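Topology and contacts: notes
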Amino acid sequence: MGETATADRLEAWRDLIRDHFVALDIAADRRDAFRGQVRSAGLGALDLATVVSGPQTFTRTARLARSDGEVYLQVGLLTRGAAVVAQDGREAVLGPGDFVLYESDRPFRWAMTREWELLVLTWPRACVRVPDTVSRELTAHRLDGGTGLGAIVGRVLRDLVAAPPDLSADGRVRLGDEVLDLVTTVAGERARPPEPDRPGEALLRRVDGYIREHVADPGLGPAAIAAAHYVSTRHLHRLFAARGTTVTRQVQQLRLERARLDLRRPGDRSITDIACAWGFADLATFSRAFRAAYGTTPSRYRAGHAG
């Protein structure tokens, strides 16, 4: 299934790339010792290809984009080498495993800096269900093929190009659509702007860190925390109320958890020492709070978890 074509001259390489993909201006470092190869296969409307060559740049100019009647959405997955892809005012720096989405009706540029291998998947733009205005926001974002959903999609793309499945005509169409949906989903998540913080959220993150850092301090409380962050205690209480808790409760919960972990550890430290180490005024206060939180006394908890 598929075919392999090679070129050992830059002029022949330009023709080969145009025949398999779209017309591009190509500049290569090694005109005399040039070599490039394209292995291609079809899967319904989806074209699959593996491209191998050396350092060079591919430029889709505005003139070339206007001269083509067909418009394509393409995905390039780099398996070897390094590349920089530019389109729509953005640049994506790719390493092995990364992939990127780009479209042929607007200028784009690929810069390959050393020996490389690129998997290219091409769909006619008419097959893409994402509106033009949306797809323009998805181009030239580096999509990480090593983590999260990107890793799953990256494996699908590599396997698909390496061994295109033998399917019915309907099966090829459905598979092409589903793979395209996966790619645009990954690109959409990458391109989505971060959600703005709710009012006070950044301050609460700083307060949380401050509480964790000073939880053992007996003087840690609403007044001290508010003063450290240059806000009023009333404002601090309002932020915690919106979270469904109070400053005092959060401090006590963290102190109890730290003390509970210490009670599980072997050693000769007394329960009073542990309570004082985590900011409790005395053993009685600690014991009452511990029993309310965990349903047992500190001494019974320690006995039940000895060793």
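This one's a predicted model, so the numbers in the text were calculated from it and none came from an experiment.

**Some remarks on the overall build of the protein chain**
Each helix and strand in the protein chain was counted, giving 12 helices and 11 strands. On C-alpha atoms alone, the protein chain measures out to a radius of gyration of 30 Å, which is more than a quarter above the 19 Å that the 2.2 N^0.38 rule sets for 307 residues. Here the C-alpha coordinates of the protein chain stretch approximately 85 × 45 × 45 Å along the principal axes. Buried residues in the protein chain amount to 43% of all 307 residues. By sequence separation, contacts in the protein chain at least 24 residues apart represent 70% of the contacts at least 6 residues apart. Total accessible area on the protein chain is roughly 16200 Å²; 51% of this is exposed by carbon and sulfur atoms. Charge separation in the protein chain, taken as the distance between the mean sites of 43 positive and 39 negative side-chain charges, equals 9 Å.

**Some remarks on the sheet that holds strand β1 (residues 3-7)**
Within the open sheet, the six strands sit side by side as β1-β3-β4-β11-β6-β9. Their pairing is antiparallel. Lying at the two open borders of the sheet, with one neighbouring strand each, are β1 and β9 (99-103). Sheet twist, expressed as the mean angle between neighbouring strand axes with direction ignored, is 20°. With seven bridges connecting them, strand β4 (residues 46-53) and strand β11 (residues 116-124) associate as antiparallel partners. Directly across from L48, in β11, lies its bridge partner L121. The strands that helix α5 (residues 169-191) touches are β3 (36-43), β4, β6 (72-80), β9 and β11; relative to β9, the one it contacts most, it runs at about 105°.

**Considerations on unusual backbone geometry**
Residues other than glycine seldom take positive phi values, yet A140 does so here, at roughly 55°. In this fold, A140 is placed in the loop between α3 (132-135) and α4 (148-162). Backbone geometry at Y230 places phi at a positive 60°, although glycine is not the residue there. Secondary-structure assignment places Y230 in the loop between α7 (222-228) and α8 (233-242). Judged by its relative accessible area of 77%, Y230 is exposed.

**With respect to the environment of V215**
Positionally, V215 belongs in the loop between α6 (201-214) and α7. We classify V215 as buried; its relative accessible area is 1%. Sequence separation of V215 and R66 is 149 residues, and the distance between their C-alpha atoms is 65 Å.

**Quick look at helix α9 (residues 247-264)**
For α9, spanning 18 residues, the distance from its first C-alpha to its last is 27 Å, which sits close to the expected 26 Å at 1.5 Å a residue. Considered for burial, the residues of α9 that qualify are V247, Q250, V251, L254, R255, L256, A259, R260, D262 and L263. Contacts from the buried residues of α9 go to α6, α7, α8, α10 (271-277), α11 (283-294) and α12 (298-304).

**Let's talk about the pairing of strand β5 (residues 56-60)**
Here is the key point about a regular strand: its side chains alternate between the two faces of the sheet. The element β5 is largely enclosed, with a buried count of four among its five residues. Where strand β2 (residues 25-28) and β5 come together, four bridges link them in antiparallel fashion. Each bridged residue has a counterpart across the sheet, and for I26 the counterpart in β5 is F58. Across five bridges, β5 lies against strand β10 (residues 108-112) in antiparallel orientation. The residue bridging R60 from the neighbouring strand is F108, located in β10.

**What to know about the packing of aromatic side chains**
In this structure the tally under the stated criterion is eight aromatic pairs. Summarising the aromatic geometry, the rings of W13 and F34 are spaced 5.7 Å apart at their centres and angled 55° between planes, so their arrangement reads as tilted. Within this pair, whereas W13 is found in helix α1 (residues 10-20), its partner F34 is found in the loop between β2 and β3, the two being separated by 21 residues in sequence. Measuring from centroid to centroid gives 5.9 Å for F58 and W116, while their planes differ by 85°, and the two rings are edge-to-face. Placement of the pair is F58 in strand β5 and W116 in strand β11, with a sequence separation of 58 residues. Among the residues examined, W116 registers a relative accessible area of 1% and is labelled buried. The positively charged end of R243 is found above the aromatic ring belonging to F240, 5.4 Å away from the centroid.

Analysis parameters
- Residues numbered from 1 in each chain as written.
- Predicted model: local features only at pLDDT ≥ 70, side-chain atom pairs only at ≥ 80, totals over all residues.
- Heavy atoms only, no water.
- Helix = DSSP H or I, 4+ residues; strand = E, 2+ residues; numbered from the N terminus.
- Rg over C-alpha atoms; globule rule 2.2 N^0.38 Å.
- Buried < 20%, exposed > 50% of the residue type's maximum accessible area, 1.4 Å probe, protein only.
- Contact = heavy atoms within 4.5 Å.
- Areas by Shrake-Rupley, 256 points an atom, 1.4 Å probe, with all protein chains shown as cover.
- Lys, Arg positive; Asp, Glu negative; His and termini not counted.
- Charge placed at Lys NZ, Arg CZ, Asp CG, Glu CD.
- Pairing = 2+ DSSP bridges.
- Axes fitted to C-alpha atoms, helices over the stretch in contact; angles between N-to-C directions.
- Expected span 1.5 Å × (residues − 1).
- Phe/Tyr/Trp six-rings, centres within 6.5 Å; stacked < 30°, edge-to-face > 60°.
- Lys NZ or Arg CZ within 6 Å of the ring centre and 35° of its normal.

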